[in-house]
Amino acid sequence: MVDVVQVIGATGFIGGHVYEALCSRSYPVVGVGRKSVEFANVDPSLRFHSDSLKCGDGTDVRIAKNVGTVIFCAGMAHIQNPTPEDLEQFFEANCYLPVRYAKAAIRCGARRFIFLSSIGVHGEKGNEPVSERSPYAPSNHYSRSKILAEQKLIKLFEEADCELVIIRPPMVYGPEAPGNFSRVSSLVKTGLPLPFGGLKNQRSFLFVGNLVSFIVRCIDHPNAAGQVFVVSDDEDVSTRDFVQKIATAQKLRCILLPLPSWFFKVAMTLIGQGKAAGKLAAPLTVDCSHAKRSLGWTPPYSLAEGIRLSFPD
């Protein structure tokens, strides 16, 4: 019997793309999500809900029958000015919930557990390319919750027969992507002159189609076992050029004012986007040579293709 793949967070942006890709490739797949969505091949009792995001020993979450791989894509992010309650939910959703599913996966005899972390565990800026060997440098509660999850999972799988794979992507973009990609796209649609013209900082991005391709490769590749990977489109681009490509993909005229980065940060702060501005103005590139070399993987979509596909006609 072919092993089943269980996708946790299948109603979210990344998890939804992973679920659809596995279905299209004829994988036996089960989706689990917080939102009330009917999956064609899902036992409704497998869905998790926000009131189940509590610490536990893994006995309160369920793994479907014959699951060989669990892909954990669920989590919380993109919250502006989080409250103390939000911070508690951050750690429950991003740390304790994956640990509970990992315990359940081990107990049920799953072969592999793939955890989607974040490049943010290495910080939000850097003059040197980030690799798997780069030190932790968290700058917010989101990245701290991801680090704690990684540490707990690594310790948990040390004595387990189940194999752990950790993936740390940079900003993921694609159709209906949340976060900064959505914010920038909305700004471009206004038709107003935008203060991105002076942002020459280099950044790495990741099209959701490329991330899905890499996750699928990690399901069966023997070299993925026990590994941590940073991945990207393998093309670095300035924030200025990235915004221009977003405008071109939407067939919109975009005037980018060549203002210094400090002015950009001030302008964005005045419209309530100060944190987003700090990320967009900072350099952050990724060295994904380990992922390419170890798994024989190449991003199937170029940066230009990924942005174009993010705005289907």
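Residues numbered from 1 in each chain as written. Predicted model: local features only at pLDDT ≥ 70, side-chain atom pairs only at ≥ 80, totals over all residues. Heavy atoms only, no water.

**Some details on the overall build of the protein chain**
Regarding its fold elements, the protein chain presents 10 helices and 10 strands. The C-alpha radius of gyration of the protein chain comes to 19 Å, within 12% of the 20 Å expected for a compact globule of 313 residues. Dimensions of the protein chain along its principal axes, counting C-alpha atoms only, are 55 × 40 × 40 Å. For the protein chain, the proportion of its 313 residues judged to be buried stands at 50%. (Helix = DSSP H or I, 4+ residues; strand = E, 2+ residues; numbered from the N terminus. Rg over C-alpha atoms; globule rule 2.2 N^0.38 Å. Buried < 20%, exposed > 50% of the residue type's maximum accessible area, 1.4 Å probe, protein only.)

**Comments concerning the pairing of strand S1 (residues 4-8)**
With five of five residues buried, S1 is to be regarded as a mostly interior element. Side chains Val4, Gln6 and Ile8 project from S1 onto one buried face, and the interleaved Val5 and Val7 project onto a second face that is buried too. Judged from the five bridges that link them, S1 and strand S3 (residues 67-72) form a sheet pairing that is parallel. Considered in S3, the bridge of valine 4 is made with valine 67. As for the winding sense of the linkage, the β-α-β connection from S1 through helix H1 (residues 13-24) to strand S2 (residues 29-32) is right-handed. (Pairing = 2+ DSSP bridges. Right-handed = clockwise from strand over helix to strand, strands pointing away.)

**Digging into the pattern of salt bridges**
Within the structure shown, the criterion is met by seven salt bridges. Residue arginine 111 pairs with aspartate 220 through a salt bridge whose shortest N-O separation is 3.5 Å. Highlighted residues: arginine 111 in the loop between helix H2 (84-107) and strand S4 (112-116) and aspartate 220 in helix H5 (residues 208-220), separated in sequence by 109 residues. Ionic pairing is found between lysine 279 and glutamate 124, a salt bridge with its closest N-O pair at 3.9 Å. Taken together, the positions of lysine 279 in helix H8 (residues 274-281) and glutamate 124 in the loop between S4 and helix H3 (141-157) put the pair 155 residues apart, joining distant regions of the chain. Judged by relative accessible area, lysine 279 falls into the partly exposed class, the value being 32%. (Salt bridge = Lys/Arg side-chain N within 4 Å of Asp/Glu carboxyl O.)

Remember, this is a structural readout, not a statement about activity or role.
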